[in-house]
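# Observations on the three-dimensional arrangement
These are the residues of each chain, in order.
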Amino acid sequence: MASKTYRVDLDGNPIKPITICMIGAGGFIGSHLCEKLMSETPHTVLAVDVYNDKIKHLLEPDSLPWAGRIQFHRINIKHDSRLEGLIKVADLTINLAAICTPADYNTRPLDTIYSNFIDALPVVKYCSENNKRLIHFSACEIYGKTIGSFLPKDHPLRQDPEFYVLKEDVSPCIFGPIEKQRWSYACAKQLIERLIYSDGAENGLEFTIVRPFNWIGPRMDFFPGVDGPSEGVPRVLACFSNNLLRGEPLKLVDGGQSQRTFIYIKDAIETVMLMIVMVSLQNPARANGQIFNVGNPNNEVTVKQLAEMMTEVYCKVSGEPSLEVPTVDVSSKEFYGEGYDDSDKRIPDMTVINRQLGSLGMVWDCWQVDLLESTLTYQHRTYAEAFHRINIKHDSR
Ligand code: NAD
Ligand code: UDP
């Protein structure tokens, strides 16, 4: 999708600059959103996070064209009284803060529930009490499993979109039993969505909820032992990139049969920009009280296919040959531990977002290979040297 600038409204008049309190601004999505807001809008960002490595390039030096329009506040929202003050001075709050790596859901379920529900409560409360707009990031995970997944494997209704396409205002949220702690994240996200929705209904909170469907791209997660804990397990894109850079087989959990639709971060960010534009155009009704799926329904692969595509693209960008055994199967218990479970398939219905925001133009093609190529080129350029140094250290032991 072509990039736009967001400095004038539909009639060509300059848009009113607003101040955005962005919580979780130092993460994957936050860093791309901050970049976009700095380069293409007149808005100011109060960037809240415990880390700022991924937005350092936007914060220094003072000579950057957006100097003064982005301020970093190192705040842990669990316990910091400065949060309310920042929300009060902002026109809009965007909450991205979360524990959102599946390896944590079953191994650190308490932290996961606190992060995704309890820690988000003050954000909702301060927005509601101070009449401030809120864009809250939920997840596609909230849908859990598809209805079709409960049918026998070769049942014809499994091919019927009614049994798998995920619709904001129709589809149920289907989670596994409590002992499958994988669902701690989905359940916490569901409860905070319900709370925000209720606050809208009872107190008039103006909100928009975003459900991202596997956004991927540069700066996603971390590389274990390089810029993250060596025992950490990031999401699949970073897991596979890490395997490729280390020259080890990609691990297919339970055979890699689960299906996902992936969307490139820069395309997904355009939709968030449209939501922000609605606020700055003073036409918030289009986004207010809405829950939006944001994904690309045309871009579905199994995890196994993703592994094959990433291997092929990595060989091209790195010039290295493919391994003799490029993938290995691993059980979910071995990979994630007790209590893991999986979403079988995630195809977003895009009717609501196209109806509410689509008039500003959003057309996505199927661009799997392009998005993998730009992402893996970035990973290779950024990390190959670090992995080379690690290998030298290992070899000299
Ligand atoms: P991320 O982990 O890269 O970013 C989250 C950021 O929040 C991190 O920088 C982290 O330091 C910060 N944070 C966490 N707890 C905090 C706290 N207590 N105080 C201050 N900062 C804190 O994740 P992301 O991929 O950028 O995801 C952002 C949001 O989108 C999350 O709510 C996530 O659940 C949701 N989401 C993302 C995807 C995706 O495809 N990337 C999919 C589904 C949902
Ligand atoms: N997965 C895998 N190998 C890995 C990491 C993940 O096969 O090294 C699988 C995981 O079991 C899931 C899918 O990839 O089926 C997507 O995982 P991700 O961590 O990106 O999060 P999810 O989409 O489940 O929220």
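Along each chain, numbering runs from 1 in the same order as the chain's sequence is written. Whichever chain is written first becomes A and whichever ligand is written first becomes 1, with later ones labelled in order. Owing to the predicted nature of the model, reporting of local features is limited to residues with pLDDT of at least 70; listing and counting of side-chain atom pairs is limited to 80 or more, with chain, interface and lining totals taken over all residues. Side-chain measures here rest on the full set of heavy atoms in the structure, leaving out hydrogens and waters.

## Description of the packing of aromatic side chains
The cut-off we apply is this: Note on ring pairs: Phe, Tyr and Trp rings are taken, using the six-membered ring of Trp, and paired if centres are within 6.5 Å. Classes follow the plane angle, with under 30 degrees stacked, over 60 edge-to-face and the rest tilted. Secondary structure elements are taken from DSSP: a helix is a run of H or I of four residues or more, a strand is a run of E of two residues or more, and numbering for both begins at the N terminus. Three exposure classes are used, based on accessible area relative to the maximum for each residue type with a 1.4 Å probe and protein chains only: buried under 20%, partly exposed in between, and exposed over 50%. Should the NZ of a Lys or the CZ of an Arg lie within 6 Å of a ring centre and within 35 degrees of the ring normal, that charge is described as sitting over the ring.
Throughout the structure, instances matching the rule amount to eight aromatic pairs. For the pair Tyr143 and Phe213, a centre-to-centre distance of 6.1 Å together with 45° between the ring planes defines the contact as tilted. Separated by 70 residues along the polypeptide, Tyr143 in the loop between strand E5 (133-137) and strand E6 (165-166) and Phe213 in the loop between strand E7 (207-212) and strand E8 (215-216) bring together distant segments of the chain. Both residues of the pair, Tyr143 and Phe213, belong to the buried class. By way of ring pairs, the aromatic residues Phe335, Tyr336 and Tyr340 are connected into one cluster. The cationic tip of Arg182 hangs over the ring face of Trp183; the distance from NZ or CZ to the ring centre is 5.6 Å. Note that Lys345 overlies the ring of Tyr164, its terminal NZ or CZ placed 4.6 Å from the centroid.

## Re the site of ligand 1
Convention followed: The cutoff for a nearby residue is simple: one of its non-hydrogen atoms must lie within 4 Å of the molecule or strand. As used in this structure description, the phrase polar contact means that two N or O atoms lie within 3.5 Å; if the pair is within protein, one of them must be able to donate a hydrogen and the other to accept it, and residues adjacent in sequence are counted only when both atoms belong to side chains. Accessible surface area values rest on a Shrake-Rupley calculation with a 1.4 Å probe, where residue burial reflects the displayed protein chains alone. Asp, Glu, Lys and Arg are counted as charged, while Ala, Val, Leu, Ile, Met, Phe, Trp, Tyr, Cys and Pro are counted as nonpolar; the rest, among them Gly, fall into the polar class.
As a matter of local geometry, ligand 1 sits amid 24 residues, with Phe28, Asp49, Asn76, Tyr185 and Trp215 nearest to it. Taking Phe28, its main chain carries an N or O atom lying 2.8 Å from an oxygen atom of ligand 1. The contact in question runs from an oxygen atom of ligand 1 to an N or O atom on the backbone of Trp215, over 2.8 Å. Relative to its free-state accessible area of 830 Å², ligand 1 is covered by the protein chains to the extent of 89%. Of all the secondary-structure elements, those providing two or more residues to the shell around ligand 1 are helix H1 (28-40) and helix H7 (184-203). Here the shell around ligand 1 is composed, by residue class, of 15 nonpolar, six polar and three charged.

## Quick word on the site of ligand 2
Lining the immediate environment of ligand 2, one finds 19 residues, of which Lys251, Arg260, Tyr340, Asp342 and Arg346 sit closest. Between a nitrogen atom of ligand 2 and a main-chain N or O atom of Lys251, the distance comes to 2.7 Å. In the model, an oxygen atom of ligand 2 is placed 2.9 Å from a nitrogen or oxygen of the Tyr340 side chain. Notes on ligand 2: free accessible area 520 Å², of which the protein chains cover 96%. Those elements giving two or more residues to the shell around ligand 2 turn out to be helix H8 (236-246), strand E9 (250-253) and helix H11 (332-336). Each residue belonging to the shell around ligand 2 can be placed in one class, and the counts come to 10 nonpolar, two polar and seven charged.

## Digging into the nonpolar core
Applicable threshold: Here, the term nonpolar core denotes a set of buried Ala, Val, Leu, Ile, Met, Phe, Trp, Tyr and Cys residues that are joined through side-chain atoms within 4.5 Å. Whether two residues touch is decided by their heavy atoms; if any such pair falls within 4.5 Å, the residues are in contact.
Core analysis: the largest hydrophobic core is formed by 67 residues, its most contacted members being Met22, Ile94, Trp215 and Ile276. When residues in this core are grouped by element, the largest group, 10 residues, is from helix H9 (residues 265-280). If we skip the residues at most four places from it in the chain, Ile276 touches Ile18, Ile20, Leu33, Leu37, His43, Leu92, Ile94 and Ile135.

## Description of the confidence of the model for the chain
Interpretation of the predicted coordinates at a detailed level should be avoided for regions scoring low in pLDDT. Worth spelling out the cut-off: The predictor rates its confidence in each residue with pLDDT, a number between 0 and 100.
When pLDDT is averaged along the chain, the result is 92; 92% of the residues meet or exceed 70. As a predicted assembly, this complex carries a pTM of 0.96 together with an ipTM value of 0.99.

## Regarding the sheet that holds E7
Pairing between the strands of a sheet is mediated by backbone hydrogen bonds and can be parallel or antiparallel. Rules: Two strands are said to pair when DSSP picks up at least two bridges between them. Each axis is a line fitted through C-alpha atoms, taken for helices only over the stretch in contact, and angles between the N-to-C directions span 0 to 180 degrees.
The strand order across the open sheet formed by seven strands is E3-E2-E1-E4-E5-E7-E12, and the pairing between neighbours is parallel. Two strands bound the open sheet, and with one partner strand each, they are strand E3 (70-74) and strand E12 (290-294). The mean angle between the axes of side-by-side strands here comes to 15°, regardless of whether they run parallel or antiparallel. Pairing geometry for E5 and E7, over four bridges, is parallel. Its bridge partner lying in E7, His136 is registered against Ile209. Sheet strands touched by helix H6 (residues 121-129): strand E1 (19-23), strand E4 (92-95) and E5. Its angle to E5, the strand with the most contacts, is close to 160°. Across the sheet, H7 lies against E5, E7 and E12, angled at about 160° from E7, the strand it touches most.

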